[in-house]
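Now for the letters of each chain:
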Amino acid sequence: MIFGGELPVRTKTNNANAYLGAPYGIYQTKNGYMSLAMGSIPVLAELLSCEDLKQFPENKFTLRDDIKSILAAHLRTQDSEYWLNILEPADIWCANVLNYEQLFAQEGFQILDFVQQVEMLDGYTYKTTRCPVKIDGEIFTSAKGSPKLGQDNQKIINEFNLC
C-alpha cells in the first residue's frame, strides 16, 4: 500500500530519505564523506561561507535538489574534519562517515568490545559483531556461528510439531 497514493520522489543527488528535504544526506568531501541532518539553509550558508546557498532564504522541500547540488559541490572543497570543526560547535547535526577500517580503529568502538569470534558446525571460525544490548550490565555473546541454509529445518519442524 502506498500512503498518499503516490510513490516517494527521491532526490537526484545525495539521497538519504525520500521524505526529508535538504540538507539531509551524505556528502563527499575532499578526503571522505560526511553526513548532514536537517538544518537551516541560511545558517549553513553562513557557517560554510557558501555564497550560492544564500539565495535560499528558506528551506523549501521543492528546492531540495538545487540546495543539495550546491552543498555537494561546496563540501568537496575541504576535508571532512574541516567542515565538522565548523558545524559541530554550532550544534549542526553532522558526522564523519567511516569505512569499516576507520570504524574499527575508533576508541569508542574498541571500548565497546564489539567483536566476537564464532564457529560454525563444520569448524569454520570467523569474527563478527556481538549483540549491542546489555541487560543489568551483562554483555551477551555466543560462540555459535550462523547455520548453513536448511541446517536446522528438521529440528524446527520437530520442535513445533509442523509435521
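Because the structure is predicted, anything quoted here is derived from the model rather than measured.

**Considering the overall build of the protein**
For step 1, the next point in the chain: Tallying secondary structure elements over the protein gives six helices and seven strands in all.
For step 2, the next point in the chain: Scanning the protein from its N terminus toward the C terminus, one meets helices and strands in the order β-β-α-α-α-β-α-α-β-β-β-β-α.
For step 3, the next point in the chain: Taking 15 Å as the expected radius of gyration for a compact globule of 163 residues, we find that the protein reaches 23 Å, considerably beyond that expectation.
For step 4, the next point in the chain: With the C-alpha coordinates of the protein rotated into their principal frame, the extents come out at 65 × 45 × 30 Å.

**Details of the pattern of salt bridges**
For step 1, the next point in the chain: Throughout the structure, instances matching the rule amount to three salt bridges.
For step 2, the next point in the chain: A salt bridge links lysine 54 to glutamate 51, with the nearest nitrogen and oxygen atoms 3.0 Å apart.
For step 3, the next point in the chain: In this structure, lysine 148 engages aspartate 122 in a salt bridge whose closest nitrogen and oxygen atoms are separated by 3.3 Å. With a gap of 26 residues between them, lysine 148 in the loop between strand 7 (138-139) and helix 6 (153-159) and aspartate 122 in the loop between strand 4 (115-119) and strand 5 (125-129) connect regions that are remote in the sequence.
For step 4, the next point in the chain: One salt-bridge network, in which partners are shared between bridges, spans Glu46, Glu51 and Lys54.

**Considering the side chain of arginine 64**
For step 1, the next point in the chain: Examined against the element boundaries, arginine 64 turns out to sit in helix 2 (residues 64-75).
For step 2, the next point in the chain: One buried charged residue, arginine 64, forms no salt bridge at all, with the nearest opposite charge on aspartate 65 at 5.2 Å.
For step 3, the next point in the chain: Setting aside residues no more than four positions away along its own chain, arginine 64 makes contact with Val9, Arg10, Thr11, Asn17, Ala18, Leu20, Gly21 and Ala22.

**Notes on helix 3 (residues 80-87)**
For step 1, the next point in the chain: For helix 3, every residue scored as buried is listed here: Ser80, Trp83, Leu84 and Leu87. For helix 3, the angular spread of buried residues about the axis comes to 100 degrees, placing them on one side.
For step 2, the next point in the chain: Where helix 3 is buried, its residues contact strand 2 (33-36), helix 1 (41-47), helix 2 and strand 3 (94-97).

**What to know about the pairing of strand 2**
For step 1, the next point in the chain: Both strand 1 (residues 25-28) and strand 2 contribute to a ladder of four bridges, which runs antiparallel. When the sheet's bridge partners are listed, glutamine 28 is paired in strand 2 with tyrosine 33.
For step 2, the next point in the chain: Linking strand 1 back to strand 2 in an antiparallel pair, the connection comprises four residues.
For step 3, the next point in the chain: Taken together, the four bridges between strand 2 and strand 3 define a ladder with antiparallel strand orientation. Paired with serine 35 across the bridge in strand 3 is alanine 95.

**Comments concerning the nonpolar core**
Across soluble globular proteins, nonpolar side chains show a tendency to be buried alongside one another.
For step 1, the next point in the chain: Counting 21 residues, the largest nonpolar core has Leu36, Leu53 and Leu71 as the members making the most contacts within it.
For step 2, the next point in the chain: Among the secondary structure elements, those contributing two or more residues to this core are strand 2, helix 1, helix 2 and helix 3.
For step 3, the next point in the chain: In terms of residues, this core owes the most to one element, helix 2, which gives five residues.

**With respect to the side chain of threonine 29**
For step 1, the next point in the chain: The topology assignment puts threonine 29 in the loop between strand 1 and strand 2.
For step 2, the next point in the chain: If near-sequence neighbours (up to four positions away) are discounted, threonine 29 is found in contact with Met34, Leu75, Arg76, Gln78, Asp79, Ser80 and Trp83.

About the criteria used
Residues numbered from 1 in each chain as written. Predicted model: local features only at pLDDT ≥ 70, side-chain atom pairs only at ≥ 80, totals over all residues. Heavy atoms only, no water. Helix = DSSP H or I, 4+ residues; strand = E, 2+ residues; numbered from the N terminus. Rg over C-alpha atoms; globule rule 2.2 N^0.38 Å. Salt bridge = Lys/Arg side-chain N within 4 Å of Asp/Glu carboxyl O. Buried < 20%, exposed > 50% of the residue type's maximum accessible area, 1.4 Å probe, protein only. Lys, Arg positive; Asp, Glu negative; His and termini not counted. Contact = heavy atoms within 4.5 Å. Arc of directions from axis to C-beta. Pairing = 2+ DSSP bridges. Core = buried A, V, L, I, M, F, W, Y, C linked by side-chain atoms within 4.5 Å.

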